[in-house]
Amino acid sequence: MALFNFRRDSAAATPDADTEAFLKGYSIEVMPRTAEKVEDFRALLPKGTRVYIAHIEGTPIEDMVATARRLADEGFVVMPHFPARIIPDRATLADWLARYKGEAGVKQALLLGGGVNTPAGEFDASMQLIETGLFDGFERLHVAGHPEGNKDIDKDGGDRIVMQALKWKQAFAERSDAQMAIATQFCFEADPVIAWADRLAAEGIKLPIHIGVAGPAKLQTLIKFAIACGVGPSLRVLQKRAMDVTKLLMPYEPTEFVAALAAHKAKHPEFGIESVHFFPLGGIKTNATWATDYGGASAVPANQA
């Protein structure tokens, strides 16, 4: 299976029916500093798009809440990140939630461990955030998924601890009123992702999967983010491709990766991947333009609908 697609003239992009259906309801991730560069998200994203707001360690909560308020005012569904290891205590978490709910009407959240080695306080995992009860009443809670494993958790390279945690979250979903889903790290190969999703189903984990997809970007940019995010097998693929100087200078697009998953979903409607979640590593506008090119009616910006 081909792993990469390199940029063609956007005029040549023809929406495929399977891809169009697969991209319906896609989500995208921003940070306060990247959101500031976008004049109006309604010119880029479909109406009602879920927009995750990544909370990087050191980002003031005021900036996070202001971004959430701005996106909500423009008509988008806001889902802030709550990284357990950067939250010092229950009081801080309660304060953040009060601000999000009071100032931006936030009712959805992504709960994750967080990309730091040493916890700032009493929280080390997303399950501890859930157990506080502070998210009771939220309409939707997403948790993190790692199709290529997570060596920060399973240090032996396996997935025993991660799988146990997902089973715990599945059990919580079954007794909770909140809608839940797994939002994954970005990936580049369809076959391993399909195998991972099928394994979750076989293990009794039925939470819908929102598969992480890296948006169009330079290969060097992808390698930088892959190293920072701990993407394993995909990183080796990227590094191998980077040895070809002609391809190193050409931007990557996720066209073939998305199309392969879309075709599989079309053939197997019960397949666990429910949606696409974009990491706009090459820029929000660039990612949104790609989605518009390949998503057809599923990706028409709000101000053009």
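All values derive from a computational prediction rather than experimental measurement.

A. Region of interest: the overall build of the protein. Along the backbone of the protein there are twelve helices and eleven strands. When burial is assessed residue by residue, the protein has 50% of its 305 residues classed as buried. When the accessible surface of the protein is split by element, carbon and sulfur atoms take 51% of a total near 14,000 Å².

B. How the structure looks around helix 11 (residues 255–267). Counted at 1.5 Å a residue, the expected span for helix 11 with its 13 residues is 18 Å, and the 18 Å between its end C-alpha atoms agrees. Inspection of helix 11 places Thr255, Phe257, Val258, Ala260, Leu261, Ala262 and His264 among the buried residues, and these make up the whole buried set.

C. Region of the structure containing the environment of Pro254. By the secondary structure assignment, Pro254 is in the loop between strand 10 (251–253) and helix 11. Residues Pro254 and Trp290 lie 36 residues apart in sequence; the distance between their C-alpha atoms is 9.0 Å.

D. Inspection of helix 6 (residues 160–175) at higher detail. Its 16 residues give helix 6 an end-to-end C-alpha distance of 23 Å, which sits within 8% of 22 Å, the value for a rise of 1.5 Å per residue. Taken residue by residue, helix 6 has Val162, Met163, Ala165, Leu166, Lys169, Gln170, Phe172 and Ala173 as its buried positions.

E. Fine view of the sheet that holds strand 6 (residues 140–145). Ordered by their spatial adjacency, eight strands build a closed barrel running 2-3-4-5-6-7-8-11, and the pairing between neighbours is parallel. On average, each strand axis in the sheet is tilted by 30° relative to the strand beside it, whichever way the strands run. Pairing between strand 7 (residues 179–187) and strand 8 (residues 209–214): four bridges, direction parallel. For Cys187, the partnering residue across the bridge sits in strand 8 and is Val213.

F. Up close: the packing of helix 7 (residues 190–202) against helix 11. Running from N to C, helix 7 and helix 11 cross one another at 40°; their axes reach a closest spacing of 9 Å. The orientation of helix 7 with respect to helix 11, classified from their angle, is oblique. For the pair helix 7 and helix 11, the sense of crossing is right-handed. Facing helix 7, whose interface residues are Ala190, Val193 and Ile194, helix 11 presents Phe257, Ala260, Leu261 and His264. Residue composition of the contact of helix 7 with helix 11, by class: six nonpolar, one polar and no charged.

G. Region of the structure containing the packing of aromatic side chains. Scanning the model with the defined rule gives eleven aromatic pairs in all. With centroids separated by 5.8 Å and ring planes inclined at 75°, the aromatic side chains of Phe186 and Phe188 adopt a geometry described as edge-to-face. By the burial criterion, Phe186 is buried, and Phe188 matches it. Members of the aromatic cluster, each reached through a chain of ring pairs, are Tyr26, Phe278, Trp290 and Tyr294. The positively charged end of Arg175 is found above the aromatic ring belonging to Trp168, 5.8 Å away from the centroid.

H. Main features of the confidence of the model for the protein. Residues of the protein with pLDDT of at least 70 account for 84%, and the chain-wide mean is 88. Here residues 6–12 scores under 50 on pLDDT; set against residues more than four positions off or in separate chains, the count is eleven contacts.

I. Here's a closer look at the side chain of Ser126. Along the chain, the position of Ser126 falls in helix 5 (residues 126–131). Each residue touching Ser126, except ones within four places of it in the same chain, is listed here: Ala84, Leu111, Leu112, Gly113 and Lys169.

J. The pairing of strand 6, seen in detail. For strand 6, a buried count of five out of six residues is recorded, marking the element as mostly surrounded by other parts of the structure. Relative to strand 6, strand 5 (residues 108–112) runs parallel, the two sharing four bridges. Of the residues in strand 6, the one forming a bridge with Leu110 is His142. Viewed along the sheet, the connection from strand 5 through helix 5 into strand 6 turns out right-handed.

K. The arrangement of the nonpolar core in detail. Counting residues in hydrophobic clusters, the biggest one holds 84 residues, and the most contacted among them are Phe82, Phe135 and Ile211. Among the elements that make up this core, the one with the highest residue count is helix 7 (six residues). Setting aside residues up to four positions removed in sequence, Phe82 forms contacts with Ile87, Leu93, Trp96, Leu97, Tyr100, Ala109, Leu110, Leu111, Leu112, Leu129 and Phe135. Grouped together as the second largest cluster of nonpolar side chains are five residues, Met79, Leu110, Leu112 and Ala183 included.

L. Here's a closer look at the packing of helix 3 (residues 61–73) against helix 4 (residues 90–104). Between helix 3 and helix 4, whose axes approach to 9 Å, the crossing angle comes to 30°. Between helix 3 and helix 4, the angle falls in the class roughly parallel. The hand of the helix 3/helix 4 crossing is right-handed. Residues Ile61, Glu62, Met64, Val65, Ala68, Arg69 and Ala72 of helix 3 pack against Trp96, Arg99, Tyr100, Glu103 and Ala104 of helix 4. Looking at the contact of helix 3 with helix 4 residue by residue, the class counts come to eight nonpolar, no polar and four charged.

Here is what the cut-offs are and how they apply
- Residues numbered from 1 in each chain as written.
- Predicted model: local features only at pLDDT ≥ 70, side-chain atom pairs only at ≥ 80, totals over all residues.
- Heavy atoms only, no water.
- Helix = DSSP H or I, 4+ residues; strand = E, 2+ residues; numbered from the N terminus.
- Buried < 20%, exposed > 50% of the residue type's maximum accessible area, 1.4 Å probe, protein only.
- Areas by Shrake-Rupley, 256 points an atom, 1.4 Å probe, with all protein chains shown as cover.
- Expected span 1.5 Å × (residues − 1).
- Pairing = 2+ DSSP bridges.
- Axes fitted to C-alpha atoms, helices over the stretch in contact; angles between N-to-C directions.
- Parallel < 35°, antiparallel > 145°, perpendicular 65-115°, else oblique.
- Left-handed = near helix turned anticlockwise from the far one by under 90°.
- Contact = heavy atoms within 4.5 Å.
- Nonpolar A, V, L, I, M, F, W, Y, C, P; charged D, E, K, R; others polar.
- Phe/Tyr/Trp six-rings, centres within 6.5 Å; stacked < 30°, edge-to-face > 60°.
- Lys NZ or Arg CZ within 6 Å of the ring centre and 35° of its normal.
- pLDDT = per-residue confidence, 0-100.
- Right-handed = clockwise from strand over helix to strand, strands pointing away.
- Core = buried A, V, L, I, M, F, W, Y, C linked by side-chain atoms within 4.5 Å.

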